[in-house]
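# Notes for the structure review
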Amino acid sequence: MLKCTFCGRRAAYHRRYAGVLLCDRCLIKSVAKRFRRAIAEHQMISPRGRVALAVSGGKDSIALMHLLAEYCKQKNCELVAITIDEGIKGYRNRSVPMARENAESLGVEYVVVSFKLAFGATLDQMVKLAKLKKTGLNPCTYCGVMRRSLLNQAARELEADKLATAHNLDDEVQAIMLNYVRADLSRLHRLGPTYPPQKGFVPRIKPLREVLEKEVALYALLSGLKVHLGVCPYASGIHTEIRDFLNELETNHPNSKFMILRMFERLKPHIARVTPKFEMRRCELCGEQTSADICKSCELLKGLGLKRLQKTLISPKCS
Ligand SMILES: [Zn+2]
Ligand SMILES: [Zn+2]
């Protein structure tokens, strides 16, 4: 029997990049420790703050919800979970109940915002329209831009001072590589553990940014969390190619993902100097902050013959 390097119990995981074996308890402890260290190191959450969390219902966001719920209880912070229901048949309709169930079991306030209500169309319908209109854009472009926009607006309306997302180390390194491949300096510059405050934007935090995807998955599994295991039916293209490439690299050369992240962190201050600065203003159509006349989300909607319908996403509670 292989034994845990730290306590001698039966090992459940080989952390190759560090050359150690961990049992279920030590793995759970280690992930929680990294989560707390990231928060402390980057001052992600202020005392008595109000944190909004983007929850898809998958392993990463459910794990983060459990970690944040415990953290917020200890630190007297408020936590509100938001799910964006893009309207992906056979996928999102299964993960929303899972997210709600977890939130209820933890006593976390829970809100769902849907594409259908906000834009008058589900992502499935947008994908059909995009094909019909030959926009040449893939589903991830629509989904990513519009989901980000709704998340920010919902977090702002819920009066959150931080918006947490469950990006893990793999996600972060994939984003770094993707922006390299696309030579997108301004997106590259915006990556990081926290996102600097800007008017109209709720600052983003990524407390799981230094945990490998595999370890987040194990954390959820070994903690017995109820998660949705489906894969988005639209996942394809360059994102998955970069993911596969990075996984192969990590297998053959353990620690590569951390090294890419560390290198990016060292370069980041220099990237800021060469990134053009934009004046922010209000979108002429929806009023959200943007660097152009109309925001990216409204621009994409316009191309599909759609527009933003709901000005306010969260109806105020009667008190
Ligand atoms: Zn152990
Ligand atoms: Zn707009």
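For the structure, check the block above.
The following refers to the structure shown.

Thresholds applied
Residues numbered from 1 in each chain as written. Chains lettered and ligands numbered in written order. Predicted model: local features only at pLDDT ≥ 70, side-chain atom pairs only at ≥ 80, totals over all residues. Heavy atoms only, no water. Helix = DSSP H or I, 4+ residues; strand = E, 2+ residues; numbered from the N terminus. Buried < 20%, exposed > 50% of the residue type's maximum accessible area, 1.4 Å probe, protein only. Contact = heavy atoms within 4.5 Å. Areas by Shrake-Rupley, 256 points an atom, 1.4 Å probe, with all protein chains shown as cover. Lys, Arg positive; Asp, Glu negative; His and termini not counted. Charge placed at Lys NZ, Arg CZ, Asp CG, Glu CD. Donors = N, O, S within 2.8 Å, 3.2 Å for Na, K, Ca; no water. Tetrahedral: all angles 85-135°; square planar, octahedral: opposite > 155°, others 65-115°. 1 Å grid on protein atoms, 1.4 Å probe; cavity = no way out; pocket = protein on both sides within 12 Å on 5 of 7 lines; lining within 4 Å. Points joined across faces, edges and corners; volume = space filled by probe spheres on them. Pairing = 2+ DSSP bridges. Axes fitted to C-alpha atoms, helices over the stretch in contact; angles between N-to-C directions.

## As for the overall build of the protein chain
Assigned secondary structure in the protein chain consists of 12 helices and 9 strands. Principal-axis analysis of the C-alpha atoms places the extent of the protein chain at approximately 60 × 50 × 40 Å. Within the protein chain, the fraction of its 319 residues that count as buried is 49%. Restricting to contacts in the protein chain with at least 6 residues of sequence separation, those with at least 24 account for 70%. Surface summary for the protein chain: the accessible area is close to 17000 Å², and the carbon and sulfur share equals 54%. Positive and negative side-chain charges of the protein chain, numbering 53 and 31 respectively, have mean locations separated by a distance of 1 Å.

## Description of the coordination of the zinc ion (ligand 2)
In this structure, Cys283 (SG), Cys286 (SG), Cys295 (SG) and Cys298 (SG) serve as the protein donors to the zinc ion (ligand 2), at separations of 2.3 Å. One can describe the donor arrangement at the zinc ion (ligand 2) as tetrahedral, given that its 4 donor atoms subtend angles of 105 to 116 degrees at the metal. Positions of the donor residues of the zinc ion (ligand 2), expressed as sequence spacing, correspond to C-x2-C-x8-C-x2-C. Of the two residues examined, cysteine 286 and cysteine 295, each falls in the buried class.

## Let's talk about empty space enclosed by the protein
Taken as a whole and assessed by the stated rule, the structure comprises 1 cavity of 30 Å³ or more. Surrounding the largest cavity, Arg34, Arg37, Ala38, Glu41, His42, Met44, Pro193, Lys206, Arg209 and Glu210 form its lining.

## A few points about the coordination of the zinc ion (ligand 1)
Protein ligation of the zinc ion (ligand 1) involves Cys4 (SG), Cys7 (SG), Cys23 (SG) and Cys26 (SG), the donor distances falling in the range 2.3 Å. Bound by 4 donor atoms, the zinc ion (ligand 1) shows angles of 102 to 117 degrees at the metal and therefore tetrahedral coordination geometry. Residue classification places cysteine 4 among the buried positions, given a relative accessible area of 4%. A relative accessible area of 12% places cysteine 26 in the buried class.

## Considerations on the sheet that holds strand 5 (residues 109-114)
Pairing within the open sheet is parallel, and its 5 strands lie in the order 5-4-3-6-7. Whereas interior strands pair on both sides, the edge strands pair on one side only; in this sheet they are strand 5 and strand 7 (204-205). Alignment of strand 4 (residues 78-85) against strand 5, held across 6 bridges, turns out to be parallel. The residue of strand 5 that forms the bridge with alanine 81 is tyrosine 110. Contacting strand 3 (50-54), strand 4 and strand 6 (162-164), helix 2 (residues 59-75) crosses the sheet at an angle of about 160 degrees to strand 4. The strands that helix 3 (residues 92-106) touches are strand 4 and strand 5; relative to strand 5, the one it contacts most, it runs at about 160 degrees.

Scope: geometric values only; no functional claims are made or implied.
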